[in-house]
Structures are given as structure tokens and as C-alpha cells.
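Examining the three-dimensional arrangement
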Amino acid sequence: MAEFKGKYYISTPIYYPSSNLHVGHTYCTVMADAMARFKRATGYDVMFLTGTDEHGQKIQTIANEKGVTPQAYVDEIVGGIKELWKTMEISYDDFIRTTEDRHVKRVQNIFMKMYEKGDIYKGEYEGLYCTPCESFWTESQLVDGCCPDCGRKVVAAKEEAYFFKLSKYQDKLLKHFEDHPEFLQPEARKNEMISFINQGLDDLCISRSTFDWGIPVPIDEKHVIYVWLDALTNYITALGYSEDDELYQKYWPVNVHLVGKEIVRFHSIIWPAILMSIDEPLPKQVLGHGWLLLGGGKISKSKASKGPDVIDPVVLIERYGVDALKYFLLREYTFGQDGHFNNEVMLKRLNFDLANDLGNLVSRTVSMIEKYNDGVIPDATTHDEIDEDLKNIATGAADKVEAEMDKFAFNMALEEIWVVIRRANKYIDEKTPWILAKDEARKPELDTCLHNLAETLRIVSILINPFMHTTASKIRKQMGIALYDIVWEDAMEFEMLYQEKVKKGDAIFPRLDIEKELEELSQLASKGKEENIPLQLKDEIEYDDFDKLDLRVGKILSCEKHPKADKLLVFQVKMGTETRQIISGVANDFKAEDLVGKNVVVVANLKPRMLRGMESKGMILYAENGEKLALLTTEAEDGNSVN
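Residues numbered from 1 in each chain as written. Predicted model: local features only at pLDDT ≥ 70, side-chain atom pairs only at ≥ 80, totals over all residues. Heavy atoms only, no water.

Okay, the packing of helix H14 (residues 343-373) against helix H16 (residues 410-431) next. Packing of H14 against H16 leaves a shortest axis separation of 10 Å and a crossing angle of 50°. It follows from the interaxial angle that H14 and H16 lie oblique. As for how H14 packs across H16, the hand of that crossing is left-handed. Contacts from Asp353, Leu354, Asn356, Asp357, Leu358, Leu361, Arg364 and Met368 in H14 reach Trp418, Ile421, Arg422, Ala424, Asn425, Ile428 and Asp429 in H16. A class-by-class count of the residues in the contact of H14 with H16 yields 8 nonpolar, 2 polar and 5 charged. (Axes fitted to C-alpha atoms, helices over the stretch in contact; angles between N-to-C directions. Helix = DSSP H or I, 4+ residues; strand = E, 2+ residues; numbered from the N terminus. Parallel < 35°, antiparallel > 145°, perpendicular 65-115°, else oblique. Left-handed = near helix turned anticlockwise from the far one by under 90°. Contact = heavy atoms within 4.5 Å. Nonpolar A, V, L, I, M, F, W, Y, C, P; charged D, E, K, R; others polar.)

Quick look at helix H12 (residues 313-320) now. Residues of H12 that are buried: Pro313, Val315, Leu316, Ile317 and Tyr320. Looking one or two residues beyond H12, the residue adopting positive phi is Gly321, at roughly 95°. (Buried < 20%, exposed > 50% of the residue type's maximum accessible area, 1.4 Å probe, protein only.)

Okay, unusual backbone geometry next. For residues that are not glycine, phi is negative in most cases, and the peptide bond is trans in most cases. Each neighbour pair has its own omega, and for Gln185 with Pro186 the value is 0°, a cis peptide bond. Cis geometry marks the peptide bond from Trp252 to Pro253, where omega comes out at 10°. Considering the arrangement of structural elements, one finds Pro253 in the loop between helix H9 (246-251) and strand E12 (256-260). With a phi angle near 60°, Asp279 is a residue other than glycine that sits in the positive phi range. Tracing the backbone through its elements, the reader meets Asp279 in the loop between helix H10 (264-277) and strand E13 (286-289). For Asp279, a relative accessible area of 57% corresponds to the exposed category. Of note, the phi angle at Gln499 is positive, near 65°, even though the residue is not glycine. Here Gln499 falls in the partly exposed class, since its relative accessible area comes to 38%.

On to the sheet that holds strand E23 (residues 619-620), then. Strands belonging to one sheet form pairs held by backbone hydrogen bonds; the direction of such a pair is parallel or antiparallel. Pairing within the open sheet is antiparallel, and its 5 strands lie in the order E19-E18-E17-E20-E23. Two strands lie at the open edges of the sheet, namely strand E19 (578-584) and E23, each paired on one side alone. For strand E20 (residues 599-603) and E23, the ladder comprises 2 bridges, and the chain directions are antiparallel. If you follow Val603 over to E23, its bridge partner there is Met619. (Pairing = 2+ DSSP bridges.)

Next up on the list: the pairing of strand E1 (residues 6-15). Across the 10 residues that make up E1, a large majority, 9, are buried. Here E1 runs beside strand E2 (residues 44-52); their pairing, made up of 8 bridges, is parallel. Note on E2: the bridge partner recorded for Ile14 is Gly51. In terms of strand pairing, E1 meets E12 through 2 bridges, oriented parallel. Bridge assignment links Ser11 to a residue of E12, and that residue is His257.

In this section: the nonpolar core. Generally speaking, a soluble globular protein has its nonpolar side chains buried in company with each other. Counting residues in each nonpolar core, the largest one holds 106 residues, and the members touching the most others are Phe408, Phe410, Trp418, Phe467 and Met479. At 12 residues, H14 tops the list of elements feeding residues into this core. Residues within four places of Trp418 in sequence aside, it is in contact with Tyr327, Asp353, Leu354, Asp357, Leu358, Ile464 and Met468. Formed by 63 residues, the second largest nonpolar core is a distinct cluster that contains Val104, Met193, Cys205 and Ile278. (Core = buried A, V, L, I, M, F, W, Y, C linked by side-chain atoms within 4.5 Å.)

Attention now goes to the pattern of salt bridges. One pass over the structure, following the stated rule, counts 40 salt bridges. Here Asp429 ties to Arg364 by a salt bridge, and the two come within 3.4 Å at their closest N and O atoms. You can see Asp429 sitting in helix H16 and its partner Arg364 sitting in helix H14, a full 65 residues away along the chain. Judged by its relative accessible area of 23%, Arg364 is partly exposed. Each of Asp33, Arg37 and Lys326 takes part in a single network of salt bridges with overlapping partners. (Salt bridge = Lys/Arg side-chain N within 4 Å of Asp/Glu carboxyl O.)

The predicted model of the chain averages 90 in pLDDT, with 93% of residues at 70 or higher. In the predicted structure, residues 301-308 sits below a pLDDT of 50 and forms 22 contacts with residues beyond four places in sequence or in another chain. Per-residue pLDDT stays below 50 along residues 530-535; that stretch engages in 4 contacts with residues further than four places along the chain or on separate chains. (pLDDT = per-residue confidence, 0-100.)

With respect to the helices, strands and loops of the structure, Thr26 is situated in helix H1 (residues 23-41). Residue Thr26 is classed as buried on the basis of its relative accessible area, which comes to 0%. In this view, Thr26 contacts Leu84, Trp85, Met88, Pro313 and Leu329; residues no more than four positions away in its chain are not counted.

Its location among the elements puts Thr448 in helix H18 (residues 443-463). There is a polar contact of 2.8 Å between the side chain of Thr448 and the side chain of Thr382. Those residues in contact with Thr448, other than ones at most four positions away along the chain, are Asp379, Ala380, Thr381, Thr382, Asp387 and Tyr427. (Polar contact = N/O pair within 3.5 Å; in protein donor to acceptor, adjacent residues only side chain to side chain.)

So, about a nonpolar patch on the surface. A contiguous nonpolar surface patch, about 300 Å² in accessible area, is contributed by Ile541, Phe546 and Leu549. Among the secondary structure elements, Phe546 is positioned in helix H21 (residues 543-547). On the accessibility criterion, Phe546 (43% relative accessible area) is partly exposed. (Patch = residues over 30% accessible without salt bridge, like charges linked within 9 Å, V, L, I, M, F, W, Y side chains within 5 Å. Areas by Shrake-Rupley, 256 points an atom, 1.4 Å probe, with all protein chains shown as cover.)

Applying the stated rule across the entire model yields 23 aromatic pairs. Judged by centre distance (6.1 Å) and plane angle (15°), the ring pair of Tyr248 and Trp252 falls under stacked. The same class applies to Tyr248 and to Trp252, which are both buried. Seen in terms of ring centroids, Trp252 and Trp271 are 6.1 Å apart; in terms of plane orientation they differ by 70°. Their pairing is edge-to-face. (Phe/Tyr/Trp six-rings, centres within 6.5 Å; stacked < 30°, edge-to-face > 60°.)

Right under this line is the structure:
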């Protein structure tokens, strides 16, 4: 068992359940999970928190559109998020929902503490509001007139609100950045935030009164507590702050808030200021990771539904396994930098690193032990420089992995492990056990070779366990090693195996036909695009606009092509006692003779206009049906009104 090294608290952002999560969200959570597992393995008492941010105007609007209550809507989405984390084997210790009673009561307690200190006052807010981001902006902060965070349009908003005196803490925040240079990383994010503070902080709007889906302000129930005071405080409400605070006393301050770069400002400026207001310790560190980019832009929930790449994590897991997806996300991208998600890059990484390097090493080692020593791991009785080099690289990797993990350099930590794996594969080529096996006098050398390979795989199974625990168990099972007796310090020792019986299983990572996989992923993406792309509608109209239309039933008496325009059809339509000429540009969608005799819906009060020298008095109604038009027909008699 690892030596106890202390407490370690890590959190992800709490995710906004406006729709299902995509692979970009899994990136952050997989990083946090790997770090939590690593810290547990190396002797820490870990608290790993994740959850969902469930209040706000956007949620209420979506729920209303779907005809359900906001609570029913978020319950369904959150159920899907929890199922995804279960599928991905995320080892969180607590999942906080901002609609839970424990959170609601503690947020109200925090509000009152800030209010009684004089840090909250009532005023009126007038500004530009981005509903998806739940953020107010000034004109100067907009980018091309749109929200600087998400690029969507903003709307003018004015309402009574409560404000937090954020400006009061401007100097204290700058002093904290100066005294704790490690507080916000990477360095570029820190410099951005210092520059933002130096521009001057405005007081923060922390309540809304134009919707009611939120936590009521305890002194004024016409208001609900606005998103960032509600959401950011989850990191201490989950620990019982202000009520049953045993966990709070144990784990706070948090070691790391792991967040996307787009919400660094809230976590490194607003959240510390709130903590200053309630006289609580600040987080030890905020780390802002980069985005996964798809086709040149950030992966978003809208892109997740449209393609062009498959980015539904469940699809990728079903095809390649949880560990393969985790490995790719952790190995491919450099923490803090943006990375491009690409199916071909992913598949090549899975083939080269997992199938060729690791999978092949396991398969060759187990096969040779079965073939040359009846499946029993032999003892090592000889020694040379090649053996020594393998041992030194294998036993020295744990410290190198730990050093990279302390920097959140997941890709480099895995690279250190793959140095061992590649060295072991080279060791096989150097030792040529298939040649040693032909000479009985060299059996001790063969035994040493097989033993050293088995020991190396034992060490690899420990090193990869925080990142790919299922794969680690598969390796140990084939090697005949106890599945759950994994101790980090054992990766620093070499001679720990004795006469274990190996048993070859299925390939841990089968080699992929990349061209075939790309084609099938493309088909899945296209199918998802067809199924999920939203309707492209024209601008909304008011009911009064619609009420101006006079819709009547008409019977088509005749239909023929316009003499001067191939796309136009000329109709004679009888409505009651009146027959009108109506011209429609639908010749590419219908045959003239097929339309005669049909009862159709006509906009009877449309202003007449000339079309290529012929007058049209009205409009026959059609609807879009894919790439074709559909004629609106009715069984009602001609001349009747349509309501």
C-alpha cells in the first residue's frame, strides 16, 4: 500500500445540461479522472467532484419549448450525463446538482453572509445579455457585435437586480496573482486575467427577476440568484459549507479547479472574490485547458449534432473501447493548448501505440512464455548490459511519470510509459528469443529474456492503471498477476514475479483497418447529421401578421405552363363563384396535368402582381418536403375559409 501523502481535491466544471455532452466535455473529465486515480495510487486521500449547473433562463426557455417543467427537462439530461460517466468509468467521489436541496440552502447562506458584510446591494442593470452564456456584456466587450465567448447575438436587457461589489476586491485579486504566480496556469491565461483586472472591474449582477428558474434570493423572492454565484459555489456546497462542514474542513481549499479556457475568468476572478467576501481560503490553483477543435472551430453541442466527424463519445466507446478513447484524449493533446480532433489521427494513434506497441508486446510475451516454458514465467539467472538497460528504463519510469503528472502533462506522462514499452519491443529484437530457443545450452538466457519481459509488463500495468485501468487488468490477467493488488511503488522494483502461470487471451487492442473505419465513421456522422440537424426557419412572425391572411379553398380547373417561363405554371382556380388566374413557380416539382381537379389552399387577399407579362391574383400554398415541395390539399369545398 502506498505511503499516505495527504489530501487532494480536484474538480471539473459543473456542466450545463442544455443538451447531451460531446467529446469535448469528456476531455476535461477524463483528465480529472486520470489525475484523481493517479493521486489515489500514489498515496493521497482524494476528493473528485463533478456535477451539473441546472438553473438559468436558457434552461427555462428550452423546457417551455418542449412543454415540460425545467426540473423534468434537466432530470432527463442529467440522467444521460451520469450514464455517460458510468460508461466511461469516471471515478468521481461526488456529483453535485445545483437543483439539490443541499446546494440551494447553502447558496442562500452564502448570499446572506455576503449581504450582511455589505458586499451585496440592490440596483438596476442595463446592458447587453447573451442568453446561452448567461452573461451581460458592455458594448466595448462585444466582438463584431456578438458575445465574445460564444459568438452569438446579444440582446438589450434592463431589469432590477442585486449586485456583488466585485470592484471592491480588484486590488486584493491583483495582489493574490502577484503573491501566488502558480495560482492560474498556463501563463498566457494568467496574463490575460491580470490585464482584464487592470482594465477595471465592474460590480457583478448576481440576481435576475425576469424568470423564476433559479434559487430564490432569501431577502427578496421576486429575484433568483444569478448563475455565477449559484454555479461557482458548488465547489464548497458539495463539501457541506455553512451546514455540515466536516468534508469542507477536510478538503478545502481545493488543489485544482480544472476548467476550459472560456470560463477561466469566472474561476480566477469572480470565484476568488466571492471567497474573499465570505472570508474563506482561495483555491490553490486554477488550470485552464484548451479546446478540442473540429473543422477549425471549437467543438460545440450544435456541431456535435451535425458532424462532420463522429464526436459522440458513446459511438467511439462502442467501437474502440473506453480505454482507447481515454488514451487518445490524454496522449494526443498538450494541456493548455487547443487541439484538433480528427478521426484519422485518432485511428492511427490507436493502431500505432495501442495495437502495434502495447498490444503486440503483450501478445508476443505471453505467446513466447507459453511456447518456450509451458506458460510459466521463468526465473532470471543470467545478466548482461541489454538486460540492465531494460531494467533501468522500466524501474525509472514511475518517478518520471509522477514528475509529468505534477505538471498536468498527461501526454508526456504517457510518453514516459511508452518509452518503456518501445524499449521492451526493441529488447525482443535484440535478444531474439526464437533463436535462443533453438539452442538448449542457451535456455538460461531465454528464461531471463522471458522473465524480464514479464516483469516489464507488470511495471507497465501499474504505470498505465490511472489512465487505462481496464487495460491494466487485462494485462495482469494474461500475465497471471493479481488483478487488484496494484501498488505504485511496485513499479520501482523489478524482481517481483515468481513462477506465475500466463494465459493468452484475446488481443487487447486489435489492429484497425483505418480506411474501412474512416468510411464507417463518415457514414455514422452523415446519418447523425440527417437525423439531428435543426429546421432552418425564416424569421418569426407575430400572430397579428398571420391573422391578416385570408385563406380560402379553391379548386384547380386547369393548369398549363407559362408561355414565357419554364419554371412557372399558370392555374385557373375556382373559389366559390369566382375564378382566378394564379401563377406559381413549381413546374420543376409538379406535372401540370396531375394538379387539375385538386382542392387547394389559396392566400386570397395577396396583392396582384405581374409575372412575365401575365397577372397572378393570389397564392397557392405549398410546404417544403426535403428537396421537393408538397402541395397543400384539402377535402373541403371550394370557396370556404380556412381558419
